[in-house]
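The lines below spell out each chain.
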Amino acid sequence: KQWYQRRVAITAGITNNLRQLRETSRKANMMTAEDENEPTREHASTVSLSDENDGRLTVSISDAVSELETVKFTIQTKTALPSFSQHQMSVIRCHEEFIWLHDMLSENPEYAGYIIPPAPPKPDFEEARDKLTRVTAAENTMTEEEYKKLRKELESDYLALFKKTVAMHEIYLLRIAAHNKLREDSNFRVFLEYAKDLKVRSKNKKEIIGGFFKSMTKNVDEALLSGQKDKDEFFIERRTFLEDYHLRIKETTKKSESLSASTNGLSFDYMQVAGCLALLSTRDPSLQRFMAQSAITFESLQKLQKRTSTDEDLKLT
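What you see is a predicted model, and the numbers here were worked out from it, not measured in a lab. (Residues numbered from 1 in each chain as written. Predicted model: local features only at pLDDT ≥ 70, side-chain atom pairs only at ≥ 80, totals over all residues. Heavy atoms only, no water.)

### Re the overall build of the protein chain
Looking only at helices and strands, one finds 8 helices and 3 strands in the protein chain. The secondary structure elements of the protein chain, listed N-terminal to C-terminal, are α-β-β-β-α-α-α-α-α-α-α. In the protein chain, which comprises 317 residues, the share counted as buried stands at 29%. A separation threshold of at least 6 residues defines the contact pool for the protein chain, and within that pool the share at least 24 residues apart is 68%. Accessible surface computed for the protein chain: about 21500 Å², of which carbon and sulfur atoms make up 55%. (Helix = DSSP H or I, 4+ residues; strand = E, 2+ residues; numbered from the N terminus. Buried < 20%, exposed > 50% of the residue type's maximum accessible area, 1.4 Å probe, protein only. Contact = heavy atoms within 4.5 Å. Areas by Shrake-Rupley, 256 points an atom, 1.4 Å probe, with all protein chains shown as cover.)

Structure, rendered in structure tokens:
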């Protein structure tokens, strides 16, 4: 009952935040339309916050293979943009090449003032692999049925994590492809067109330290300029909107993560109840049939809840 009440509260919070986000986005579009009707003032071009694509460039990850230290993503591209040399392309990229693309976009001075999509997180399957290894090593201490059930559960968790990793890398590419300015970037074209390995490397210590001092200098400059009063109403209005929009997205993300954790927790509780009922069925002969059937029912509920939890996690994150 407590879990249900908490789930309802979190869901209501997410729904309310999404409604506020849509209202904020609608106001921003109205503001943009009003600005376009003003002939006396020119403003920078705006980008839709809904990440809608006009269909001239579509990108998708059709396949992914997990290797020992990395994940290889097969990226399919269809485009009608004249800047690309081909209309259909297929390349294989690893996570390090995604980071290279993000660094190239972030460090390009031509995109100053644009919001660069955040880089996808590094694939980390070490914990899932360790759990699977420990279960395999402890095979002799469990019954065959318990071993198969536990191994299947761990494999399901690994698959869910793998799907989430692929989805986050695909979303990153979709955001760039939906941006009228970023999708014309030469490095993005190389990323999608060049069939061979890009031979990128991680930043060395010197580059990392240089980036750290550069970030410190930027923060100091911002602190020194923070006391100045900017009389530009257009700038103040846009900054206020972006700060409010970012805050609402941050709150919605936290509630989404909480909802996913609660849903996953319910799946684990179903599994625990199923195990207890299966154990009780061997202790009391008079209730053996009822307990065994109840255990099977809760196992089915656990599988359904696990699938629901995975789908919600993919959609919300």
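From this point, the discussion proceeds with the structure in view.
### Some words on the confidence of the model for the protein chain
On average, residues of the protein chain carry a pLDDT of 76, and 73% of them reach 70 or more. When the criterion is pLDDT under 50, residues 32-49 qualifies, and its contacts beyond four places in sequence or with other chains add up to 14 contacts. (pLDDT = per-residue confidence, 0-100.)

### Regarding the pattern of salt bridges
Inspection of every chain in the model, using the stated rule, returns 2 salt bridges. Here E237 and R238 are joined by a salt bridge, their closest N and O atoms 3.9 Å apart. E237 sits in the partly exposed class, given a relative accessible area of 40%. Here R238 falls in the buried class, since its relative accessible area comes to 16%. The salt bridge involving D244 is made with R248; its shortest N-O contact spans 2.9 Å. With D244 and R248 both in helix 7 (residues 233-280) and 4 residues apart, this pair spans about one turn of that helix. (Salt bridge = Lys/Arg side-chain N within 4 Å of Asp/Glu carboxyl O.)

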